Amino acid sequence: MKLLTHNLLSSHVPGLRPGGGFPLRIELGHPSELPPEPLPNYEADEEFLRRLHHVLLEVEVLEGSLQCPDSGRRFPISRGVPNMLLTEDEA
Amino acid sequence: VGCDRSKNLVDICGEKHFQAFVCDALSVPIRSGSCDACISIAVIHHFSTAERRLATIQELARLLRPGGTALIYVWAMEQEYKNQKSKYLKEKNGSKNEDKEMNTGTAQRPLSDQGPDNSSQDSAWSDQLLKDLKDESHGAKPVADFRLPVHTNRTSFHSQDLLVPWHLKGGTKKKEENVDTVLVLGGSKESQELSPVFHRYYHVFCEGELEAVCRSLDCVRVQKSYYDQGNWCVILEKL
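Parameters at a glance
- Each chain has its residues counted from 1, running along the sequence as written.
- Just so you know, chain letters begin at A and ligand numbers begin at 1, following the order they were written in.
- Only residues with pLDDT of at least 70 get local features here, since the model is predicted, and only at 80 or more are side-chain atom pairs given and counted; chain-wide, interface and lining totals rely on the full set of residues.
- In computing side-chain values, all of the structure's heavy atoms are included and hydrogens and water are not.
- Confidence per residue, as judged by the predictor, is encoded in pLDDT with a range of 0 to 100.
- Contact definition: two residues touch when any of their heavy atoms are within 4.5 Å.
- Buried area: the accessible surface (1.4 Å probe) lost by two parts on joining, summed over both.
- By convention in these notes, a salt bridge is any Lys or Arg side-chain nitrogen within 4 Å of a carboxyl oxygen on Asp or Glu.
- Charged means Asp, Glu, Lys or Arg here, nonpolar means Ala, Val, Leu, Ile, Met, Phe, Trp, Tyr, Cys or Pro, and polar covers whatever is left, Gly included.
- Helix and strand assignments come from DSSP, with helices taken as H or I runs of at least 4 residues and strands as E runs of at least 2, each series counted from the N terminus.
- Note on classification: 1.4 Å probe, protein chains only; a residue is buried when its accessible area is under 20% of the maximum for its type, exposed when over 50%, partly exposed between these limits.
- What fixes the domain bounds is an automatic or database domain assignment.
- Any N or O atom pair separated by 3.5 Å or less is treated as a polar contact, with the protein-specific requirement of one donor-capable and one acceptor-capable atom, and with residues adjacent in sequence counted only for side-chain atom pairs.
- Cysteine sulfur pairs qualify as disulfides if the two atoms are within 2.5 Å.
- UniProt positions are given in the numbering used here, feature names are shortened, and annotations may be inferred rather than shown by experiment.
- What makes two strands pair is DSSP finding at least two bridges between them.
- Read the arc as the range of directions from the helix axis to the C-beta atoms.

Draft legend 1. Looking closely at the confidence of the model for chain B. All names here are of chain B. For chain B, mean pLDDT is 78; residues scoring 70 or higher make up 67% of the total. Per-residue pLDDT stays below 50 along residues 94-127; that stretch engages in 82 contacts with residues further than four places along the chain or on separate chains. Overall fold confidence (pTM) sits at 0.74, and the ipTM for the predicted complex is 0.84.

Below is the structure:
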């Protein structure tokens, strides 16, 4: 799963407040290489731009999970494929 | 980005490095209004009630941004249209595509089944139906009047709601527990052989039906409506 794909995804657990399912929190085995917020004047920061480019265009999540920000429900990612299916009870 | 209900099929997309995820068409985990375009090819005809079919189209519309467009293909009841037979009817048995599944992702036709076995399935009723009939005659709980006929591949459709057989060609797919095995009611030795058959539900659409369902929604406009090789098709625009 690329980050650009993640940008489209939203949790669809029933009963969430509007917008409550986005963005899904990406959980990986290791910490991110990016700072939590872009620094002011990030356009001039070569190192940051390199890392940003890498994350946007070169990184794919193969194993991990996506966590719904409101409900905490986790959707697994395996072999690069997120499984967003809800169970019978949830749907 | 692509999605499908079948994890196994989506995994194949992943192996080919496409962006895809597993979900149900009735609840697509994508932000509303985030798509410029969506396609739904040979999907909606698998939903078993008019309500569910409408709901999938509503869900599709939700994903579109205003001005965004959707393309929907569903199987047509009319496999012969304007005196032209569709490819589905025309193609003879013995299709070369041995390893392809019956289409879930394409508007093309399912593979023809093996030639000789198929002819003896003309009066095909699934094993489950035969069981139900037996139960009924023994005074067990009443079986619903509603029967789903099992289709004979590569022939025209006689009912809008039906089961279409798909033969598992011994290979990569896991066998499911309650899969019907076809007991071919013939006499030859060949016909004694059991091969697992899956019965897939289809609701084939009549002329105008898909368009009418789409027109019942306020949030989209039917831009185009046409017939293409045994499919009814619409192009919708989100208002």
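Let's pick the thread back up.
Draft legend 2. Quick peek at the interface of chain A and chain B. Each partner contributes to the interface: chain A provides 19 residues, whereas chain B provides 18 residues. Where chain A abuts chain B, roughly 1,600 Å² becomes buried across the two surfaces, and 58% of that area is made up of carbon and sulfur atoms. When the area that chain A buries against chain B is broken down by residue, the three leading residues are Leu8(A), Val81(A) and Leu85(A), summing to 36%. On the surface where chain A and chain B come into contact, there are 1 salt bridge. Across the salt bridge formed by Arg79(A) and Asp11(B), the nearest N and O atoms sit 3.0 Å from each other. Class assignment for the residues of the side of chain A that touches chain B results in 9 nonpolar, 7 polar and 3 charged.

Draft legend 3. View of the pattern of salt bridges. Residue and element names in this part refer to chain A. Counting across every chain of the model gives 14 salt bridges over all chains. Residues Arg 50 and Glu 47 are paired through a salt bridge, measuring 3.6 Å at the closest nitrogen-oxygen approach. With Arg 50 and Glu 47 both in helix α2 (residues 46-58) and 3 residues apart, the pair spans about one turn of that helix. With a relative accessible area of 39%, Glu 47 lands in the partly exposed category. Because the salt bridges share partners, they merge into one network encompassing Arg 25, Glu 27 and Arg 74.

Draft legend 4. Up close: the domain arrangement of chain B. Residue and element names in this part refer to chain B. Split into domains, chain B comes out as domain 1 (1-30) and domain 2 (38-87 + 148-169 + 195-238). With 6 residues of domain 1 at the interface, the matching set in domain 2 holds 8 residues. Per-residue buried area on domain 1 facing domain 2 is highest for Ala 25, Leu 26 and Val 28; these three make up 78% of the total on that side. In this structure, the connection of domain 1 to domain 2 is made through 0 salt bridges. The interface formed by domain 1 and domain 2 contains 3 residue pairs in polar contact (both at pLDDT 80 or more). Here the side of domain 1 that touches domain 2 is composed, by residue class, of 4 nonpolar, 1 polar and 1 charged.

Draft legend 5. Highlighting the state of the cysteines. All names here are of chain B. In the structure shown here, the tally under the stated rule is 0 disulfides over all chains. Note on Cys 3: no disulfide assigned, nearest cysteine sulfur contributed by Cys 23 at a separation of 3.7 Å. This cysteine, Cys 13, is not joined by any disulfide, and Cys 3 carries the nearest cysteine sulfur, 9.9 Å off. Of the residues examined, Cys 13 reaches a relative accessible area of 29% and is grouped as partly exposed.

Draft legend 6. Here's a closer look at the UniProt feature "domain: Methyltransferase type" (unreviewed entry) in chain B. As recorded in UniProt, the sites labelled "domain: Methyltransferase type" (unreviewed entry) are residues 1-72 of chain B. Secondary structure across residues 1-72 of chain B comprises 32% helix and 31% strand; the distance between its end C-alpha atoms is 16 Å.

Draft legend 7. Fine view of the pairing of strand β7 (residues 161-167) of chain B. Residue and element names in this part refer to chain B. In terms of burial, β7 is a largely internal element, 6 of the 7 residues being buried. Examined bridge by bridge, β7 and strand β9 (residues 196-203) share 7 bridges and lie antiparallel to one another. Across the sheet, Leu 163 pairs through a bridge with Tyr 201, a residue of β9.

Draft legend 8. Here's a closer look at the environment of Val10(B). Along the chain, the position of Val10(B) falls in helix α1 (residues 7-15). Put simply, Val10(B) and Glu237(B) are 227 residues apart on the chain and 27 Å apart in space, counted from C-alpha to C-alpha.

Draft legend 9. Highlighting α1(B). Residue and element names in this part refer to chain B. Restricting attention to buried positions, one finds in α1 the residues Val 10, Asp 11 and Gly 14. Viewed end-on, α1 has its buried residues packed into an arc of 110 degrees, placing them on one side of the element. His 17 sits one or two residues past α1 and shows a positive phi near 65 degrees.

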